[in-house]
Amino acid sequence: MTAALGALGRPVLQAIAAVGRVALFAGAILGHILRPPFYLREFGSSLLQIGWYSLPVVGLTAIFTGGALALQIYAGGSRFNAESVVPSIVAIGMTRELGPVLGGLMVAARVASSIAAEIGTMKVTEQIDALVTLSTNPLKYLAVPRVVAATLAMPVLVATGDAIGIMGGWLVGITRLDFNSAAYLKNTVDFLETWDVGSGLIKGAAFGFIVALMGCYHGMNSARGAQGVGAATKSAVVSASVLILAANYVLTEVFFTS
Amino acid sequence: MIDLSDVHKRFGANRVLQGVNLSIASGTSMVIIGGSGTGKSVLLKCILGLVRPDTGTITLDGQDISTGDRDAFLARFGMLFQGGALFDSLRVWENVAFRLLRGQKALSKAQAREIAVEKLRRVGLKPETAELFPAELSGGMQKRVGLARAIAAEPEIIFFDEPTTGLDPIMAGVINDLIREIVVEMGATAMTITHDMSSVRAIADNVAMLHGGVIRWTGPVGEMDATSDPYVQQFIHGRADGPIESVR
């Protein structure tokens, strides 16, 4: 009985300890954001890597998702003669949910893995120790610029993804579903509210924070060797993805049911 | 003067340091020898504060290293890491000038670059090397850049972690000579960890052997060959038989 309880309790305690470590890590990053020195070059480089270079993958994801969404809503709506809702549902679906969530997951795959691998490699090759001996706080130099850049870049990526996703729906609507182009666009604009877009952008910022936080945390805590860096990379992507989905539920609950 | 008194450090069940006592006088070059996994790097990292000892005290000029201004403490040190530990994303000159470009006494980019090029020249690298990235350099060149970075801010104390590992004997000899010349020229206190006996003879004023978590023997390099300590004798002659167990 004691052994069974122990077997059950050990992973629970480990999970609680891990949550605590991540919370302390996030707190340390937040505590450093407004305190100098500020590493603007690292911030700029991170913004480019996380924001600009993620645009193709976010854009491609959005356009195919918008198109598929239009087809699905049309097929579903035709069961009760509601085909005309396609433009508005595509717009609301993209801005509130699919834009931020799919964009977040794609960025998690691309960015969390790259951050974890880069910082993990720096750890195993003693570059992080070298930073310390050169009187530079690794958290401030490596983690803060990446976390701030991801938090600021993700809403822009989400906004771009929203626009491209809606365009994907529009393209499918006018080429495959016989919608009138002007009517489709008018319908989209008429039914879309500012909060639909705003809530998605706030979600994007939260997901960007999560992605970079997980990348940095797992990179900094990477074990030795190629296997250690590989495990850190995998953990960064998995934990960022799960946390994005969990945070999405919580934020949706807060934004739309309170 | 660096003083270590009864320093202990364990990682889980592995007791790496079990009461290290050692003094390194200012302006001298101490080389720590010992087999792989005996805790030489851990000892060095304890002094730098990269690893916190479980018990024991480490002082620098009489002051406990765990107290006082950390940045001021680290500013007195330069370190050459085993693999160079150069920052991949920065050019060679930016690696060398890393400390010079940061902190309260940060220099302008032009001044820092000029010093970096001068230090690169000091370690035998051409100015053109300054614009390359670390990945474009050979292992020996990376060590030289690491050495240039270690001396860029003209520190009082320089640590060398396995400076010749992975280099051919000629390049190892070049690095050993450079280290000796630079340490003498700067009047710096040096601490080197190595298995390479040619490095020991080229670099050391004093030698200490770490084995079983304690300093087994310490003394001037000139007395090393004559010591009767069986551990030292087995190590410096590279014998398989003796008190140090070897896994075969």
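Please read all numbers here as calculations on a predicted model, not as lab measurements. (Residues numbered from 1 in each chain as written. Chains lettered and ligands numbered in written order. Predicted model: local features only at pLDDT ≥ 70, side-chain atom pairs only at ≥ 80, totals over all residues.)

1. Describing the overall build of chain B
Argument step 1. Helix and strand counts for chain B come out as nine helices and 10 strands.
Argument step 2. Here the C-alpha atoms of chain B give a radius of gyration of 18 Å, agreeing with the 18 Å that 2.2 N^0.38 yields for 248 residues.
Argument step 3. Along the longest, intermediate and shortest principal axes, the C-alpha atoms of chain B span 55 × 40 × 35 Å.
Argument step 4. Looking at chain B alone, contacts between residues at least 24 apart form 62% of all its contacts between residues at least 6 apart. (Helix = DSSP H or I, 4+ residues; strand = E, 2+ residues; numbered from the N terminus. Rg over C-alpha atoms; globule rule 2.2 N^0.38 Å. Contact = placed C-beta atoms within 7 Å.)

2. Examining the overall build of chain A
Argument step 1. Assigned secondary structure in chain A consists of nine helices and zero strands.
Argument step 2. When its helices and strands are written in sequence order, chain A yields α-α-α-α-α-α-α-α-α.
Argument step 3. Projected onto its principal axes, the C-alpha coordinates of chain A cover approximately 65 × 55 × 35 Å.
Argument step 4. Counting the 258 residues in chain A, one finds 45% classified as buried.
Argument step 5. Looking at chain A alone, contacts between residues at least 24 apart form 87% of all its contacts between residues at least 6 apart. (Buried ≥ 20, exposed ≤ 12 C-beta atoms within 10 Å, placed from the backbone.)

3. Considerations on the domain arrangement of chain B
Residue and element names in this part refer to chain B.
Argument step 1. Domain boundaries in chain B define domain 1 (1-76 + 156-248) and domain 2 (88-154).
Argument step 2. On the side of domain 2, eight residues touch domain 1, which itself brings nine residues to the contact.
Argument step 3. Ranked by residues supplied to the side of domain 1 that touches domain 2, first place goes to helix α6 (residues 169-186) with five residues.
Argument step 4. In terms of residue class, the side of domain 1 that touches domain 2 is made up of eight nonpolar, one polar and no charged. (Domains from an automatic or database assignment. Nonpolar A, V, L, I, M, F, W, Y, C, P; charged D, E, K, R; others polar.)

4. Examining the confidence of the model for chain B
Residue and element names in this part refer to chain B.
Argument step 1. Mean pLDDT over chain B stands at 91; residues scoring 70 or higher make up 99%.
Argument step 2. Looking over chain B, one finds the lowest element-wise mean pLDDT in α6, namely 87, and the highest in helix α3 (residues 92-96), namely 97.
Argument step 3. If you check the scores for this complex, the pTM reads 0.89 and the ipTM reads 0.89. (pLDDT = per-residue confidence, 0-100.)

5. Quick look at the interface of chain B and chain A
Argument step 1. Counting residues at the interface gives 15 residues for chain B and 10 residues for chain A.
Argument step 2. Looking at the side of chain B that touches chain A, the elements that each hand over two or more residues are α2 (70-74) and β6 (77-80) of chain B.

6. Quick word on the pairing of strand β1 (residues 2-11) of chain B
Residue and element names in this part refer to chain B.
Argument step 1. Both β1 and strand β2 (residues 14-24) contribute to a ladder of eight bridges, which runs antiparallel. If you follow F11 over to β2, its bridge partner there is N14.
Argument step 2. Between the end of β1 and the start of β2, which pair antiparallel, lie two residues, with G12 showing a positive phi angle near 65°.
Argument step 3. Strand direction decides the pairing type here: β1 and strand β4 (residues 55-60), joined by five bridges, are antiparallel. By the bridge assignment for β4, I2 is matched with L60. (Pairing = 2+ DSSP bridges.)

7. Some points on unusual backbone geometry
Glycine aside, residues mostly have negative phi, and peptide bonds are mostly found in the trans state.
Residues and elements named next belong to chain A.
Argument step 1. Look at the link from P36 to P37: it is a cis peptide, with omega at 5°.
Argument step 2. For P37, the location among the structural elements is in the loop between α1 (2-33) and α2 (40-50).
Argument step 3. Backbone geometry places S135, a non-glycine residue, at a positive phi of 55°.
Argument step 4. Assignment of secondary structure puts S135 in the loop between α5 (127-133) and α6 (138-176).
Argument step 5. Take S135: there are 18 C-beta atoms within 10 Å of it, and that puts it in the partly exposed class.

8. Here's the deal with the sheet that holds strand β5 (residues 63-64) of chain B
Argument step 1. Pairing is antiparallel across the open sheet formed by four strands, whose spatial order is β2-β1-β4-β5 (chain B). What marks the edges here is a single partner per strand, and that holds for β2 and β5 of chain B.

9. Details of the pairing of strand β7 (residues 157-161) of chain B
Residue and element names in this part refer to chain B.
Argument step 1. Extensive coverage of β7 is indicated by the burial of four of its five residues.
Argument step 2. The pairing of β6 with β7 spans four bridges and is parallel. The residue of β7 that forms the bridge with L80 is F160.
Argument step 3. In this sheet, strand β8 (residues 189-193) lies alongside β7 in parallel orientation, the contact comprising five bridges. In the strand pairing of β8, I157 is matched with T189.

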